[in-house]
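Topology and contacts: notes
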Amino acid sequence: MSNIADAIQALKAAMGEKLSTARPDLESHGTSETYYPLTPPDAVLFATSTEDVAEAVKICAAHGCPVTAWGTGTSLEAHSLPVKGGVTIDLSRMNRMLELRDQDLCVRVQPGLTREELNVALRDKGLFFPVDPGANASLGGMAATRASGTTTVRYGTMRDNVMALEVVLADGRIIRTGSLARKSSAGYDLTRLFVGSEGTLGVITELTLKLQGQPDCIAAAVCDFADVESAVSAVIAIVQMGVPVARVELLNDVQLRSVNAYSGTDYPEKTHLFFEFHGSEAGVAEQSATVAEVVEDFGGGAFRWATKTEDRNALWKARHTAYWAAKATFPTGQWIVTDVCVPISQLAKAITETEADLAAHGREAHILGHVGDGNYHVLICADPDLSGDLEDTLKLADRMAERALALGGTVTGEHGVGLGKMKHMAAEHGEALSVMAALKRSLDPQNILNPGKVVPLN
Ligand SMILES: Cc1cc2nc3c(=O)[nH]c(=O)nc-3n(C[C@H](O)[C@H](O)[C@H](O)COP(=O)(O)OP(=O)(O)OC[C@H]3O[C@@H](n4cnc5c(N)ncnc54)[C@H](O)[C@@H]3O)c2cc1C
C-alpha cells in the first residue's frame with residue numbers, strides 16, 4: 001500500500017465519518033477559480049476541532065502523506081489544489097466565533113468562519129472586521145493568503161489585522177503565536193510568518209483579529225474619468241494628501257461595460273473611481289469635499305452619491321461582482337485573474353503600459369484595482385478553442401509581473417503565490433528565497449504541507 005493509502009486507512013479509523021472519499025467531495029476540493037484542471041485529493045477530512053487537525057496531521061506525518069488546508073476555495077492562483085494528492089483538511093465546520101472582547105476591540109474565531117458571517121455576528125455590537133477581499137472567504141484562508149481588498153487603503157491587510165494565531169505544525173504540535181496585547185517585542189514574529197504562508201508551514205486553527213468601531217457616518221460615491229491615467233493621477237494626489245478614504249476602487253471602461261451588462265447598472269462606459277468615506281458627519285463631509293476638488297482638477301465627472309445603506313450596498317455589489325461580470329462576457333473562456341502592486345507613484349505608468357501591451361496583442365483588458373494601495377488586477381481571457389492562446393495570455397500576465405518588479409513593486413499584492421506566481425519568486429526575492437526554503441525545510445522537513453506551492457524546493 002502507498003503512503004497515502006496507509007494514511008487514509010489510519011485516518012478512517014481515527015476520524016470515522018469525518019473522513020470522506022466520496023467522489024463529489026474529492027472533486028469539489030479539486031477545483032479552483034483558475035484554469036487549472038480538476039486535481040482532487042485522495043480524501044477530505046471535515047475537521048471539527050483543533051484536536052482533529054492535530055491528530056490528522058500527526059497521522060499524515062507518520063506516513064509522509066501530503067496535507068492541504070481548505071477554507072472556501074476562492075483563492076485565485078490554485079493555492080488549494082492538492083497537486084501531490086493526499087488529504088485535504090476542510091476547515092469549514094470550524095466556524096464559530098469563540099470570544100468577543102469588545103473592550104479590547106478584538107475577537108477570537110475559528111478559521112472556517114467567513115468574513116461576512118463574522119460581520120453579521122458583530123452588526124449589533126457596533127463593531128466590524130474591515131478586511132474585504134470581495135469573496136466571502138474564510139478568515140483562516142484570508143490569513144493564509146495575507147488577503148486584503150477594498151478597505152485596505154484605510155484599515156490595512158490581514159498582516160495588520162491578525163493579532164494572534166493557533167497553528168498545527170507539520171508534526172502535529174499545536175502552538176500559539178502572538179497575544180491579546182496590541183504590540184510585543186518578545187522574540188520572532190511568528191504570527192506574521194504564518195500569515196501569508198498559504199498552508200505550507202502549518203494549519204491555522206484559531207485566529208485573534210482586530211476589530212474597528214462602526215463609523216457614525218458612511219457615504220459612497222462614484223465618478224467617471226476620460227481615461228485610466230487621469231483617474232489614477234487623482235488617486236495618487238488623494239493618497240499623497242493623506243485623505244483617509246475608506247475605499248477607492250478603479251474600474252476601467254471595459255470592466256464598467258461588463259458590470260453594467262451583468263448588474264443592470266447604467267454607469268457611463270468610461271473609467272470610474274468608486275469611493276467610500278467613513279467618519280463623523282463633519283469628517284465625511286470634509287473628506288468628500290477635498291476628494292471632489294481633486295477629482296475636478298483631474299477632469300473627473302460629478303459625484304453620484306449613495307448615502308442610504310441600500311444604495312451603498314447596490315454600488316458595492318456592482319463592484320464586488322466585477323469578476324463574475326467579466327467572466328460572463330465569455331463564460332467558456334479560460335480566465336486569468338492576475339494582480340500586482342507597485343509604489344503608488346508608479347501606478348499610472350504600470351497600468352497604462354499594461355493597457356498598451358494588451359491592446360497591442362488584440363486583447364480586451366478588464367482592469368480593476370484597489371488603486372489607493374497601488375494594487376490592480378487584470379482579467380484576461382484565453383479561448384480554449386484556439387491553440388496556444390492560453391500560453392500567449394499567460395505571457396501577457398508574466399510581462400505584467402515583470403513590469404511591476406521593474407517599477408519597484410511585487411508580483412502579487414494580495415492574491416498570493418499558489419502555483420501561478422511561483423515562477424516569479426526568484427526574480428522578486430533573489431537570495432531571500434533560499435531563506436524561505438530553509439524556513440520551509442525546518443518547519444516541514446518532509447514537505448507534507450501543501451507541497452509544490454509558494455517556495456520551489458530543489
Ligand atoms: C470574486 C473574487 C474576488 C476576490 N477578490 C480578492 C481581493 O480583493 N483580495 C484578495 O486578497 N483576494 C481576493 N480573492 C481571492 C480569495 O478570496 C482570497 O485569496 C481568500 O483569502 C482565500 O480564502 P479561502 O477561504 O477561499 O481560502 P482557500 O482558497 O480555501 O485557500 C487559500 C490558501 O490558504 C490555505 N489555507 C486555507 N485555510 C487555511 C488554514 N486554516 N490554515 C492554513 N492554510 C489555510 C490553503 O491551503 C490555500 O493555500 C478573490 C476571489 C474571488 C473569487
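Placed above this text is the structure.
Bear in mind the structure is a predicted one, so any value in this text is a computation, not a measurement.

Side note on the sheet that holds strand S6 (residues 106-109)
Pairing between the strands of a sheet comes from backbone hydrogen bonds, and it takes one of two forms, parallel or antiparallel. The strand order across the open sheet formed by five strands is S5-S6-S10-S8-S9, and the pairing between neighbours is antiparallel. If you trace the sheet from one side to the other, it starts and ends with strand S5 (97-101) and strand S9 (174-178), each paired once. Each neighbouring strand pair of the sheet contributes to a mean axis angle of 15°, computed without reference to strand direction. Looking at chain direction, S6 and strand S10 (residues 203-210) are connected through four bridges and run antiparallel. Pairing of Arg108 across the sheet is with Thr208, part of S10. Together, S5, S6 and S10 form the strand contacts of helix H4 (residues 115-122), whose direction differs from that of S5 by roughly 45°.

What about the packing of helix H1 (residues 3-15) against helix H3 (residues 50-63)?
Taken N-terminus to C-terminus, the directions of H1 and H3 make an angle of 150°; their axes are 9 Å apart at the nearest point. Between H1 and H3, the angle is such that the two are roughly antiparallel. The two elements H1 and H3 cross, and the hand of that crossing is right-handed. On the side of H1, the interface is formed by Asn3, Asp6, Ala7, Ala10, Leu11, Ala14 and Met15, while H3 contributes Asp52, Glu55, Ala56, Ile59, Cys60 and His63. In the contact of H1 with H3, the residues fall into eight nonpolar, two polar and three charged.

A word on H4
Taken together, the buried positions of H4 are occupied by Arg115, Leu118 and Leu122. In an axial view of H4, the angular spread of the buried residues amounts to 60°, which keeps them on one side of the axis. Residues of H4 that are buried in the fold lie against S5, S6, strand S7 (127-128), helix H5 (139-145) and S10.

Notes on the site of the ligand
For the ligand, the set of nearby residues contains 33 residues, the closest of which are Ala69, Thr72, Ser75, Pro133 and Ser138. Glu198 places a polar main-chain atom, nitrogen or oxygen, 3.0 Å from an oxygen atom of the ligand. Ile204 is positioned such that a nitrogen or oxygen atom in its backbone is 2.8 Å from a nitrogen atom of the ligand. Look at the ligand: alone it shows 970 Å² of surface, and the protein chains cover 96% of it. Of all the secondary structure elements, the ones that give two or more residues to the shell around the ligand are strand S3 (67-70), H5 and S10.

Topic: helix H14 (residues 347-360)
Its 14 residues place the ends of H14 20 Å apart at the C-alpha level, agreeing with the 20 Å of an ideal helix rising 1.5 Å per residue. Leu347, Ala348, Ala350, Ile351, Thr354, Asp357 and Leu358 are the residues of H14 that are buried. Positive backbone phi, approximately 65°, marks Gly362, located one or two places after H14.

About the thresholds
- Each chain carries its own residue numbering, running from 1 in the written order of its sequence.
- Reporting of local features is limited, given that this is a predicted model, to residues whose pLDDT is at least 70; pairs of side-chain atoms are given and counted only at 80 or more, and all residues count toward the totals for whole chains, interfaces and linings.
- Hydrogens and water molecules were not included; the side-chain quantities draw on all heavy atoms of the structure.
- Only strands joined by at least two bridges in the DSSP assignment are considered to pair.
- Secondary structure counts use DSSP, requiring at least four H or I residues in a row for a helix and at least two E residues in a row for a strand, with both numbered from the N terminus.
- In this analysis, axes come from line fits to C-alpha atoms, helices being fitted only over the stretch in contact, and the angle between any two N-to-C directions falls in the range 0 to 180 degrees.
- It only takes one pair of heavy atoms within 4.5 Å for two residues to be counted as in contact.
- An angle below 35 degrees is treated as roughly parallel, one above 145 as roughly antiparallel, one from 65 to 115 as roughly perpendicular, and anything else as oblique.
- Here a crossing is called left-handed whenever its near helix is offset anticlockwise from the far helix by less than a right angle, and right-handed whenever the offset is clockwise.
- Polar here means any residue outside two lists: the nonpolar Ala, Val, Leu, Ile, Met, Phe, Trp, Tyr, Cys and Pro, and the charged Asp, Glu, Lys and Arg; Gly therefore counts as polar.
- Buried, partly exposed and exposed residues are distinguished by accessible area as a fraction of the type maximum, computed with a 1.4 Å probe on protein chains only: under 20%, between the cut-offs, and over 50%, respectively.
- Relevant arc is that of directions from the helix axis to the C-beta atoms, nothing else.
- For each residue, the test is whether any non-hydrogen atom lies within 4 Å of the molecule or strand; if one does, the residue is near.
- For the purposes of these results, a polar contact is taken to be a pair of N or O atoms within 3.5 Å, where, inside protein, one atom must be able to donate a hydrogen and its partner to accept one; residues adjacent in sequence count only when each atom of the pair is a side-chain atom.
- Method for areas: the Shrake-Rupley scheme with a 1.4 Å probe, in which residue coverage is limited to the protein chains shown.
- One less than the residue count of a helix, multiplied by 1.5 Å, gives the span that helix is expected to have.

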